[in-house]
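Coordinate inspection notes
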Amino acid sequence: MRTVTVSDKGQVVIPVEIRRRLGITPGCQLDFSLEGHVIHAEVKRQVTQTTAEDGFGMLVCTRPGKRRLADFDVALAMRETKDDRP
């Protein structure tokens, strides 16, 4: 059993050994339940960590001509794609 301290905001740090054993990573969700004076926490969803390369090809530009990354506006491209949908 490990003892942790609750912060002013009600936050606690799950000990690293427990996080590793259960595969708890940033973005994971936990379900909490209460039985008497006992709090149960269950890992609801585990998030697979991704890399920048995992997003390769998500945005495709079909416009002709030479393009530079510095000139690319992601928000504008997404709005234009949204407007192109039927």
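Please refer to the structure higher up on the page.
Throughout, a residue's number is its position along its own chain's written sequence, starting from 1. Only residues with pLDDT of at least 70 get local features here, since the model is predicted, and only at 80 or more are side-chain atom pairs given and counted; chain-wide, interface and lining totals rely on the full set of residues. Processing note: side-chain calculations cover all non-hydrogen atoms of the structure and skip hydrogens and water entirely.

Where empty space is left can be seen by rolling a probe of water-molecule size over the atoms. A cavity here means a set of 1 Å grid points, computed over protein atoms only, where a 1.4 Å probe fits but cannot escape. A pocket is an open set with protein on both sides within 12 Å along at least 5 of 7 lines, and lining residues have an atom within 4 Å of a point. Grid points are joined across faces, edges and corners, and a volume is the space filled by probe spheres set on the points. Here the largest pocket defines a volume of roughly 700 Å³. For the largest pocket, the lining is made up of 21 residues, of which Val60, Cys61, Arg67, Phe72 and Ala77 are closest to its centre. Here the term charged refers only to Asp, Glu, Lys and Arg, the term nonpolar to Ala, Val, Leu, Ile, Met, Phe, Trp, Tyr, Cys and Pro, and the term polar to all other amino acids, Gly among them. Each residue belonging to the lining of the largest pocket can be placed in one class, and the counts come to 10 nonpolar, 3 polar and 8 charged. Of the voids in this model, the second largest pocket is the one considered here, and its volume is about 590 Å³. Forming the boundary of the second largest pocket are 18 residues, of which Val12, Ile14, Leu30, Phe32 and Ala41 lie nearest the centre. Listed by contribution, the elements that provide at least two residues to the lining of the second largest pocket are helix H1 (16-22), strand E1 (29-35) and strand E2 (38-45). Counting from the N terminus, the helices are the DSSP runs of H or I reaching at least four residues and the strands are the DSSP runs of E reaching at least two. A total of 5 residues in the lining of the second largest pocket trace back to one element, the largest contributor, which is E2. Residues that form the lining of the second largest pocket fall into these classes: 14 nonpolar, 1 polar and 3 charged.

Keep in mind these numbers describe shape, not what the thing actually does.
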